[in-house]
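Examination of the molecular architecture
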Amino acid sequence: MKKILSSVLIFAAAILAEATTPKLKEFPAGDSRITYITRTLVENNTVSFDWTGSRVRISFEGNYLAVKLNDSGKDWFNLWLDNPAGPFADQVLTAKGDTTLVLCDPAALKARYGKRIPKQHTVILQKRTEASQGRVTVQSILTDGELLQAEPVKERVIEFVGDSFTCGYGAENSKPEDPFRPEDENQNFTHAAILGRYFDADILVMAHSGQGVNRNYNDGGRGYTQVDRYLRTFDSSAPDDTLAAKWNPKHFPVKPAITVIYLGENDFSRGRQPAERLFVEDYIRLLKEIKAFYGDEHPILCAAPRIEVFEYVHAAVDKAGLHNVSYTGIFRNSFLRNETGSAGHPAYPAQLKIAHNFIPYVSSLTGWTLQDKAIR
(Lines give C-alpha, C1' and ligand atoms only; values in the text may rest on other atoms or scores of the structure.)
Protein backbone atom coordinates (compact mmCIF):
# COMPACT_ATOMS: atom_id res chain seq x y z
CA MET A 1 0.00 0.00 0.00
CA LYS A 2 2.84 2.36 0.82
CA LYS A 3 4.55 1.63 -2.49
CA ILE A 4 1.35 2.34 -4.44
CA LEU A 5 0.78 5.62 -2.57
CA SER A 6 4.38 6.66 -3.18
CA SER A 7 4.04 6.00 -6.90
CA VAL A 8 0.84 8.01 -7.07
CA LEU A 9 2.48 10.96 -5.34
CA ILE A 10 5.49 10.85 -7.67
CA PHE A 11 3.18 10.69 -10.70
CA ALA A 12 1.11 13.64 -9.38
CA ALA A 13 4.25 15.67 -8.73
CA ALA A 14 5.43 15.01 -12.29
CA ILE A 15 2.10 16.23 -13.70
CA LEU A 16 2.25 19.35 -11.50
CA ALA A 17 5.83 20.12 -12.57
CA GLU A 18 4.86 19.73 -16.23
CA ALA A 19 1.90 22.05 -15.72
CA THR A 20 3.86 24.79 -13.94
CA THR A 21 7.08 24.70 -15.99
CA PRO A 22 6.59 26.73 -19.19
CA LYS A 23 7.20 24.94 -22.46
CA LEU A 24 9.89 27.04 -24.08
CA LYS A 25 10.63 27.80 -27.69
CA GLU A 26 14.23 28.49 -28.67
CA PHE A 27 15.12 31.09 -31.30
CA PRO A 28 18.59 31.66 -32.77
CA ALA A 29 20.40 34.82 -31.68
CA GLY A 30 20.61 35.88 -35.33
CA ASP A 31 16.81 36.04 -35.70
CA SER A 32 15.99 39.17 -37.72
CA ARG A 33 13.36 40.24 -35.16
CA ILE A 34 16.08 40.96 -32.59
CA THR A 35 17.79 44.36 -32.79
CA TYR A 36 21.49 44.76 -31.95
CA ILE A 37 22.90 48.26 -31.55
CA THR A 38 26.63 47.73 -31.65
CA ARG A 39 29.31 46.18 -33.84
CA THR A 40 28.63 42.46 -34.09
CA LEU A 41 29.99 39.32 -35.67
CA VAL A 42 27.28 36.86 -36.78
CA GLU A 43 28.41 33.26 -37.14
CA ASN A 44 26.17 30.17 -37.32
CA ASN A 45 23.25 32.21 -35.98
CA THR A 46 25.20 33.32 -32.91
CA VAL A 47 25.91 37.03 -32.39
CA SER A 48 29.10 38.25 -30.69
CA PHE A 49 30.01 41.72 -29.39
CA ASP A 50 32.19 43.34 -26.75
CA TRP A 51 32.09 47.14 -27.07
CA THR A 52 30.83 49.04 -24.03
CA GLY A 53 27.22 50.21 -24.24
CA SER A 54 26.21 47.42 -26.67
CA ARG A 55 22.42 47.06 -26.65
CA VAL A 56 20.00 44.27 -27.51
CA ARG A 57 16.28 44.94 -27.97
CA ILE A 58 13.85 42.02 -27.82
CA SER A 59 10.06 42.08 -28.09
CA PHE A 60 7.94 39.03 -27.37
CA GLU A 61 4.48 37.77 -26.52
CA GLY A 62 4.46 35.59 -23.43
CA ASN A 63 5.47 35.55 -19.77
CA TYR A 64 9.03 34.26 -19.86
CA LEU A 65 12.21 35.35 -21.63
CA ALA A 66 15.79 34.18 -21.18
CA VAL A 67 19.01 34.61 -23.14
CA LYS A 68 21.56 31.83 -23.55
CA LEU A 69 25.05 33.25 -23.99
CA ASN A 70 28.73 32.66 -23.50
CA ASP A 71 30.97 35.29 -21.89
CA SER A 72 34.76 35.25 -21.99
CA GLY A 73 34.69 37.06 -18.63
CA LYS A 74 32.02 38.49 -16.34
CA ASP A 75 29.97 41.44 -17.58
CA TRP A 76 27.45 43.69 -15.91
CA PHE A 77 24.35 44.55 -17.94
CA ASN A 78 21.56 47.08 -17.50
CA LEU A 79 18.07 45.66 -17.95
CA TRP A 80 14.80 47.41 -18.77
CA LEU A 81 11.51 45.50 -18.86
CA ASP A 82 8.57 47.28 -20.50
CA ASN A 83 10.26 50.61 -19.85
CA PRO A 84 12.19 53.02 -22.06
CA ALA A 85 15.95 52.95 -21.55
CA GLY A 86 16.26 55.83 -19.06
CA PRO A 87 19.27 56.57 -16.86
CA PHE A 88 18.34 54.02 -14.18
CA ALA A 89 17.82 50.29 -14.65
CA ASP A 90 17.99 46.88 -13.02
CA GLN A 91 21.36 45.10 -13.22
CA VAL A 92 22.30 41.56 -14.10
CA LEU A 93 25.71 39.87 -14.01
CA THR A 94 26.91 37.14 -16.34
CA ALA A 95 29.18 34.28 -15.34
CA LYS A 96 32.29 33.26 -17.23
CA GLY A 97 31.44 30.61 -19.81
CA ASP A 98 27.92 29.52 -20.69
CA THR A 99 25.12 31.41 -18.93
CA THR A 100 21.35 31.55 -19.14
CA LEU A 101 20.09 34.97 -18.09
CA VAL A 102 16.41 35.02 -17.14
CA LEU A 103 15.19 38.49 -18.11
CA CYS A 104 11.46 38.09 -17.51
CA ASP A 105 9.35 35.50 -15.71
CA PRO A 106 5.75 35.22 -14.42
CA ALA A 107 6.74 36.24 -10.89
CA ALA A 108 8.34 39.47 -12.07
CA LEU A 109 5.34 40.30 -14.24
CA LYS A 110 2.88 39.58 -11.40
CA ALA A 111 4.87 41.79 -9.03
CA ARG A 112 4.74 44.64 -11.54
CA TYR A 113 1.26 44.34 -13.00
CA GLY A 114 -0.79 42.27 -10.53
CA LYS A 115 -3.58 40.45 -12.35
CA ARG A 116 -3.58 42.69 -15.44
CA ILE A 117 -0.45 41.45 -17.16
CA PRO A 118 -0.15 42.60 -20.80
CA LYS A 119 0.50 39.97 -23.46
CA GLN A 120 3.37 41.74 -25.17
CA HIS A 121 6.66 42.85 -23.61
CA THR A 122 9.89 44.57 -24.54
CA VAL A 123 13.28 43.90 -23.00
CA ILE A 124 16.38 46.06 -23.47
CA LEU A 125 19.75 44.68 -22.40
CA GLN A 126 22.79 46.98 -22.33
CA LYS A 127 26.42 46.08 -21.64
CA ARG A 128 27.52 48.37 -18.78
CA THR A 129 31.12 47.17 -18.76
CA GLU A 130 33.77 47.38 -21.45
CA ALA A 131 35.60 44.74 -23.41
CA SER A 132 38.27 44.26 -20.75
CA GLN A 133 35.55 42.52 -18.70
CA GLY A 134 34.49 40.14 -21.46
CA ARG A 135 33.32 39.37 -24.98
CA VAL A 136 29.72 38.12 -25.21
CA THR A 137 28.32 35.61 -27.69
CA VAL A 138 24.52 35.39 -27.69
CA GLN A 139 23.53 31.85 -28.67
CA SER A 140 19.74 31.80 -28.51
CA ILE A 141 16.58 33.29 -27.02
CA LEU A 142 14.13 31.24 -24.93
CA THR A 143 10.48 32.20 -24.47
CA ASP A 144 7.20 30.52 -23.62
CA GLY A 145 5.51 32.58 -26.32
CA GLU A 146 6.60 34.11 -29.60
CA LEU A 147 9.23 36.59 -30.69
CA LEU A 148 7.91 39.85 -32.13
CA GLN A 149 9.69 42.46 -34.20
CA ALA A 150 11.71 44.63 -31.83
CA GLU A 151 12.09 48.36 -32.35
CA PRO A 152 14.67 48.77 -35.14
CA VAL A 153 17.72 51.00 -34.93
CA LYS A 154 16.51 54.59 -34.67
CA GLU A 155 16.80 57.01 -37.56
CA ARG A 156 19.16 59.09 -35.44
CA VAL A 157 22.49 57.49 -34.51
CA ILE A 158 25.50 59.12 -32.83
CA GLU A 159 28.92 57.46 -32.84
CA PHE A 160 31.37 58.10 -30.00
CA VAL A 161 35.10 57.39 -29.93
CA GLY A 162 36.63 57.74 -26.48
CA ASP A 163 38.36 56.42 -23.39
CA SER A 164 37.34 55.82 -19.77
CA PHE A 165 35.26 59.02 -19.67
CA THR A 166 33.07 57.58 -22.43
CA CYS A 167 33.06 54.06 -20.92
CA GLY A 168 31.65 55.28 -17.61
CA TYR A 169 34.65 54.09 -15.60
CA GLY A 170 33.68 54.51 -11.93
CA ALA A 171 30.54 56.46 -12.86
CA GLU A 172 28.37 54.77 -10.21
CA ASN A 173 30.79 55.50 -7.39
CA SER A 174 30.94 58.74 -5.39
CA LYS A 175 34.39 58.35 -3.81
CA PRO A 176 37.30 59.60 -5.95
CA GLU A 177 39.79 57.79 -3.73
CA ASP A 178 38.23 54.37 -4.44
CA PRO A 179 39.87 51.98 -6.93
CA PHE A 180 38.06 50.67 -9.99
CA ARG A 181 35.43 47.95 -9.57
CA PRO A 182 33.53 46.50 -12.57
CA GLU A 183 30.18 46.96 -10.81
CA ASP A 184 30.84 50.73 -10.61
CA GLU A 185 31.30 51.06 -14.38
CA ASN A 186 28.14 52.13 -16.20
CA GLN A 187 28.23 53.36 -19.77
CA ASN A 188 24.59 54.38 -19.40
CA PHE A 189 25.68 57.17 -17.00
CA THR A 190 28.01 58.81 -19.54
CA HIS A 191 27.70 61.94 -21.65
CA ALA A 192 27.31 59.60 -24.67
CA ALA A 193 24.21 57.87 -23.28
CA ILE A 194 22.82 61.18 -22.00
CA LEU A 195 23.17 62.75 -25.47
CA GLY A 196 21.46 59.73 -26.99
CA ARG A 197 18.50 60.12 -24.64
CA TYR A 198 18.28 63.87 -25.18
CA PHE A 199 18.26 63.63 -28.99
CA ASP A 200 16.25 60.36 -29.03
CA ALA A 201 19.13 58.70 -30.83
CA ASP A 202 20.78 55.32 -30.65
CA ILE A 203 24.50 55.40 -29.93
CA LEU A 204 27.51 53.41 -31.09
CA VAL A 205 30.34 53.56 -28.56
CA MET A 206 33.92 52.76 -29.57
CA ALA A 207 35.64 53.42 -26.25
CA HIS A 208 38.23 51.71 -24.05
CA SER A 209 39.70 52.90 -20.74
CA GLY A 210 43.33 53.99 -20.79
CA GLN A 211 43.47 54.51 -24.54
CA GLY A 212 44.95 57.52 -26.27
CA VAL A 213 45.61 58.85 -29.75
CA ASN A 214 49.37 58.34 -29.79
CA ARG A 215 50.11 57.21 -26.24
CA ASN A 216 48.00 55.10 -23.86
CA TYR A 217 47.84 55.59 -20.09
CA ASN A 218 51.31 55.10 -18.60
CA ASP A 219 52.48 53.82 -22.02
CA GLY A 220 50.34 50.68 -21.69
CA GLY A 221 49.80 48.70 -24.88
CA ARG A 222 52.52 50.66 -26.66
CA GLY A 223 51.83 51.04 -30.36
CA TYR A 224 48.17 49.98 -30.15
CA THR A 225 45.85 52.89 -29.39
CA GLN A 226 42.21 53.79 -29.84
CA VAL A 227 43.08 54.82 -33.39
CA ASP A 228 43.90 51.16 -34.12
CA ARG A 229 40.99 49.72 -32.12
CA TYR A 230 38.51 51.88 -34.04
CA LEU A 231 38.99 49.74 -37.13
CA ARG A 232 38.10 46.47 -35.39
CA THR A 233 34.81 44.64 -34.99
CA PHE A 234 35.91 43.65 -31.48
CA ASP A 235 37.49 46.05 -29.01
CA SER A 236 39.23 43.09 -27.37
CA SER A 237 41.12 42.03 -30.52
CA ALA A 238 44.81 41.63 -29.70
CA PRO A 239 47.27 44.01 -31.40
CA ASP A 240 49.05 41.11 -33.14
CA ASP A 241 45.86 39.34 -34.22
CA THR A 242 46.18 39.44 -38.00
CA LEU A 243 42.90 37.53 -38.33
CA ALA A 244 40.89 40.06 -36.28
CA ALA A 245 37.79 41.08 -38.18
CA LYS A 246 37.90 44.60 -39.58
CA TRP A 247 34.61 46.42 -39.05
CA ASN A 248 32.53 47.13 -42.14
CA PRO A 249 29.99 49.92 -41.49
CA LYS A 250 27.72 48.37 -44.13
CA HIS A 251 26.92 45.70 -41.52
CA PHE A 252 25.05 48.30 -39.43
CA PRO A 253 21.63 49.35 -40.79
CA VAL A 254 21.81 53.11 -40.14
CA LYS A 255 24.72 55.46 -40.83
CA PRO A 256 25.59 57.68 -37.84
CA ALA A 257 24.65 61.33 -38.24
CA ILE A 258 27.83 62.45 -36.47
CA THR A 259 30.96 61.06 -34.81
CA VAL A 260 32.14 62.58 -31.52
CA ILE A 261 35.79 62.05 -30.53
CA TYR A 262 36.73 62.66 -26.88
CA LEU A 263 40.34 61.51 -26.54
CA GLY A 264 43.70 62.80 -25.31
CA GLU A 265 43.57 62.52 -21.52
CA ASN A 266 45.72 59.39 -21.53
CA ASP A 267 48.24 60.84 -24.00
CA PHE A 268 49.18 63.31 -21.25
CA SER A 269 49.02 60.86 -18.35
CA ARG A 270 51.67 60.40 -15.64
CA GLY A 271 53.27 63.77 -16.32
CA ARG A 272 54.30 62.85 -19.85
CA GLN A 273 53.08 63.68 -23.32
CA PRO A 274 53.76 62.71 -26.94
CA ALA A 275 55.47 65.01 -29.41
CA GLU A 276 52.90 67.23 -31.09
CA ARG A 277 53.95 65.98 -34.54
CA LEU A 278 53.26 62.36 -33.59
CA PHE A 279 49.93 63.13 -31.93
CA VAL A 280 48.81 65.18 -34.94
CA GLU A 281 49.77 62.41 -37.37
CA ASP A 282 47.80 59.79 -35.45
CA TYR A 283 44.80 62.07 -34.91
CA ILE A 284 44.65 62.75 -38.65
CA ARG A 285 44.81 58.99 -39.24
CA LEU A 286 41.74 58.57 -37.01
CA LEU A 287 39.88 61.34 -38.84
CA LYS A 288 40.64 59.68 -42.17
CA GLU A 289 39.49 56.30 -40.87
CA ILE A 290 36.13 57.80 -39.92
CA LYS A 291 35.80 59.60 -43.25
CA ALA A 292 36.65 56.37 -45.08
CA PHE A 293 33.76 54.68 -43.28
CA TYR A 294 31.12 57.35 -43.75
CA GLY A 295 32.20 59.77 -46.51
CA ASP A 296 33.76 63.20 -46.82
CA GLU A 297 30.57 65.03 -45.77
CA HIS A 298 30.19 63.12 -42.51
CA PRO A 299 30.46 65.58 -39.58
CA ILE A 300 33.05 64.94 -36.87
CA LEU A 301 33.25 66.80 -33.56
CA CYS A 302 36.67 66.63 -31.89
CA ALA A 303 36.65 67.41 -28.16
CA ALA A 304 39.75 67.87 -26.02
CA PRO A 305 39.67 67.00 -22.29
CA ARG A 306 42.36 69.49 -21.25
CA ILE A 307 44.02 72.68 -22.51
CA GLU A 308 47.27 71.01 -23.61
CA VAL A 309 45.32 68.50 -25.70
CA PHE A 310 43.23 71.29 -27.21
CA GLU A 311 46.30 72.81 -28.87
CA TYR A 312 47.21 69.43 -30.36
CA VAL A 313 43.66 68.75 -31.58
CA HIS A 314 43.44 72.23 -33.06
CA ALA A 315 46.66 71.62 -34.98
CA ALA A 316 45.45 68.21 -36.20
CA VAL A 317 42.13 69.52 -37.51
CA ASP A 318 43.83 72.45 -39.27
CA LYS A 319 46.52 70.28 -40.83
CA ALA A 320 44.10 67.54 -41.92
CA GLY A 321 42.21 69.95 -44.18
CA LEU A 322 39.15 67.70 -44.12
CA HIS A 323 35.64 68.98 -44.69
CA ASN A 324 33.07 69.19 -41.88
CA VAL A 325 35.42 68.62 -38.94
CA SER A 326 34.95 70.82 -35.87
CA TYR A 327 36.73 71.02 -32.52
CA THR A 328 36.09 72.21 -28.99
CA GLY A 329 37.44 71.79 -25.48
CA ILE A 330 35.54 70.27 -22.56
CA PHE A 331 37.91 70.43 -19.62
CA ARG A 332 37.93 69.09 -16.07
CA ASN A 333 36.88 72.47 -14.65
CA SER A 334 33.48 71.75 -16.22
CA PHE A 335 32.71 69.65 -13.13
CA LEU A 336 33.62 69.54 -9.44
CA ARG A 337 35.79 67.13 -7.50
CA ASN A 338 32.82 65.97 -5.44
CA GLU A 339 31.06 65.00 -8.69
CA THR A 340 33.65 62.36 -9.53
CA GLY A 341 33.73 58.63 -8.88
CA SER A 342 36.39 55.93 -8.86
CA ALA A 343 39.93 57.24 -9.37
CA GLY A 344 38.60 60.75 -9.95
CA HIS A 345 36.65 59.87 -13.10
CA PRO A 346 33.41 61.75 -13.82
CA ALA A 347 30.42 60.25 -12.05
CA TYR A 348 26.86 60.76 -13.26
CA PRO A 349 26.57 64.41 -12.02
CA ALA A 350 29.81 65.30 -13.82
CA GLN A 351 28.76 63.41 -16.95
CA LEU A 352 25.56 65.47 -17.03
CA LYS A 353 27.65 68.65 -17.13
CA ILE A 354 29.86 67.25 -19.89
CA ALA A 355 26.73 66.40 -21.89
CA HIS A 356 25.45 69.97 -21.49
CA ASN A 357 28.65 71.16 -23.16
CA PHE A 358 28.23 68.81 -26.11
CA ILE A 359 24.54 69.42 -26.85
CA PRO A 360 24.74 72.73 -28.77
CA TYR A 361 27.58 71.43 -30.96
CA VAL A 362 25.75 68.23 -31.86
CA SER A 363 22.58 70.22 -32.54
CA SER A 364 24.35 72.62 -34.88
CA LEU A 365 26.36 69.97 -36.75
CA THR A 366 23.40 67.63 -37.32
CA GLY A 367 20.61 70.18 -37.69
CA TRP A 368 18.68 68.52 -34.87
CA THR A 369 16.56 71.07 -33.03
CA LEU A 370 17.20 71.65 -29.33
CA GLN A 371 14.43 70.16 -27.20
CA ASP A 372 12.68 71.70 -24.23
CA LYS A 373 13.15 68.71 -21.95
CA ALA A 374 15.26 67.53 -19.08
CA ILE A 375 18.80 66.37 -19.77
CA ARG A 376 19.15 63.08 -17.92
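Computed from a predicted structure; not experimentally measured.

Helix and strand counts for the protein stand at 8 helices and 17 strands. The globule rule puts the C-alpha radius of gyration for 376 residues at 21 Å, and the 23 Å found for the protein is close to it. A principal-axis box enclosing the C-alpha atoms of the protein has dimensions of 90 × 50 × 45 Å. Burial statistics for the protein: of 376 residues in total, 54% are counted as buried. When contacts within the protein are restricted to residue pairs at least 6 apart in sequence, those whose partners lie at least 24 apart make up 76%. When the accessible surface of the protein is totalled, it reaches about 17,200 Å², and 52% of it is carbon and sulfur.

With that settled, the discussion passes to the side chain of lysine 291. When you line up the elements, lysine 291 lands in helix H6 (residues 276–294). Within the buried core, lysine 291 has no salt-bridge partner, and the shortest N-O distance to an opposite charge, that of aspartate 296, equals 6.2 Å. For lysine 291, the residues in contact, after removing those within four places along its chain, are Asp296, Glu297, His298, Ile300, Leu322, His323, Asn324 and Val325.

Our focus in this paragraph is empty space enclosed by the protein. Under the definition given, this model contains 3 cavities of 30 Å³ or more. Estimates place the volume of the largest cavity at around 50 Å³. Listing elements by their share of the lining of the largest cavity, those giving two or more residues are strand E5 (55–61), strand E6 (65–71) and strand E11 (136–143). At 3 residues, E11 tops the list of elements feeding residues into the lining of the largest cavity.

Glancing now at the side chain of glutamate 289. Tracing the sequence through the fold places glutamate 289 in helix H6. Given the relative accessible area of 9%, glutamate 289 is considered buried. Among residues more than four places away in sequence, those in contact with glutamate 289 are Val227, Tyr230 and Leu231.

Moving on, we come to the layout of surface pockets. Roughly 290 Å³ of volume is contained in the largest pocket. In this structure, the largest pocket is lined by 18 residues; those nearest its centre are Arg55, Pro84, Ala85, Lys154 and Asp200. Among the elements of the structure, E5, strand E10 (120–127), helix H4 (191–198) and strand E14 (202–207) are those that each provide at least two residues to the lining of the largest pocket. Ranked by residues supplied to the lining of the largest pocket, first place goes to H4 with 3 residues. Residues that form the lining of the largest pocket fall into these classes: 6 nonpolar, 4 polar and 8 charged.

The end-to-end C-alpha distance of helix H8 (residues 348–366) is 25 Å, a good match for the 27 Å that 19 residues give at a rise of 1.5 Å each. Along its length, H8 reaches its greatest deviation from straightness, about 35 degrees, at phenylalanine 358, and the proline proline 360 lies no more than four positions downstream. Listed as buried for H8 are Tyr348, Ala350, Gln351, Leu352, Ile354, Ala355, Phe358, Ile359, Val362, Ser363 and Thr366. As for H8, its buried residues are in contact with strand E13 (157–162), helix H3 (164–167), H4, strand E15 (258–262) and strand E16 (300–304). Glycine 367 lies just past H8 and shows a positive phi near 85 degrees.

Evaluated as defined, the whole model comprises 22 salt bridges. Linking arginine 57 and glutamate 151 is a salt bridge whose minimum nitrogen-to-oxygen distance equals 3.8 Å. Of the two residues, arginine 57 is situated in strand E5 and glutamate 151 in the loop between strand E12 (146–148) and E13; the sequence distance between them amounts to 94 residues. Of the charged contacts in the structure, one is a salt bridge between glutamate 308 and arginine 306, with a shortest N-O distance of 3.9 Å. Linked through salt bridges whose partners overlap, the residues forming this network are Lys25, Asp31, Arg33 and Glu146.

With that settled, the discussion passes to the sheet that holds E13. Read across the open sheet, the 5 strands follow the order E14-E13-E15-E16-E17; overall the sheet is parallel. Taken across any chain shown, the strands that pair with only one partner, and hence form the sheet edges, are E14 and strand E17 (325–329). Along the sheet, successive strands turn relative to each other by an average axial angle of 20 degrees, direction set aside. Together, E16 and E17 form the strand contacts of helix H7 (residues 307–320), whose direction differs from that of E17 by roughly 170 degrees. Against the sheet, H8 touches E13, E15, E16 and E17, its axis set at about 145 degrees to E15.

Cut-offs applied
- Residues numbered from 1 in each chain as written.
- Predicted model: local features only at pLDDT ≥ 70, side-chain atom pairs only at ≥ 80, totals over all residues.
- Heavy atoms only, no water.
- Helix = DSSP H or I, 4+ residues; strand = E, 2+ residues; numbered from the N terminus.
- Rg over C-alpha atoms; globule rule 2.2 N^0.38 Å.
- Buried < 20%, exposed > 50% of the residue type's maximum accessible area, 1.4 Å probe, protein only.
- Contact = heavy atoms within 4.5 Å.
- Areas by Shrake-Rupley, 256 points an atom, 1.4 Å probe, with all protein chains shown as cover.
- Lys, Arg positive; Asp, Glu negative; His and termini not counted.
- Salt bridge = Lys/Arg side-chain N within 4 Å of Asp/Glu carboxyl O.
- 1 Å grid on protein atoms, 1.4 Å probe; cavity = no way out; pocket = protein on both sides within 12 Å on 5 of 7 lines; lining within 4 Å.
- Points joined across faces, edges and corners; volume = space filled by probe spheres on them.
- Nonpolar A, V, L, I, M, F, W, Y, C, P; charged D, E, K, R; others polar.
- Expected span 1.5 Å × (residues − 1).
- Bend = angle between axes of the 7 residues up to and from the residue.
- Pairing = 2+ DSSP bridges.
- Axes fitted to C-alpha atoms, helices over the stretch in contact; angles between N-to-C directions.

No statement about biological role is implied by the geometric values presented.
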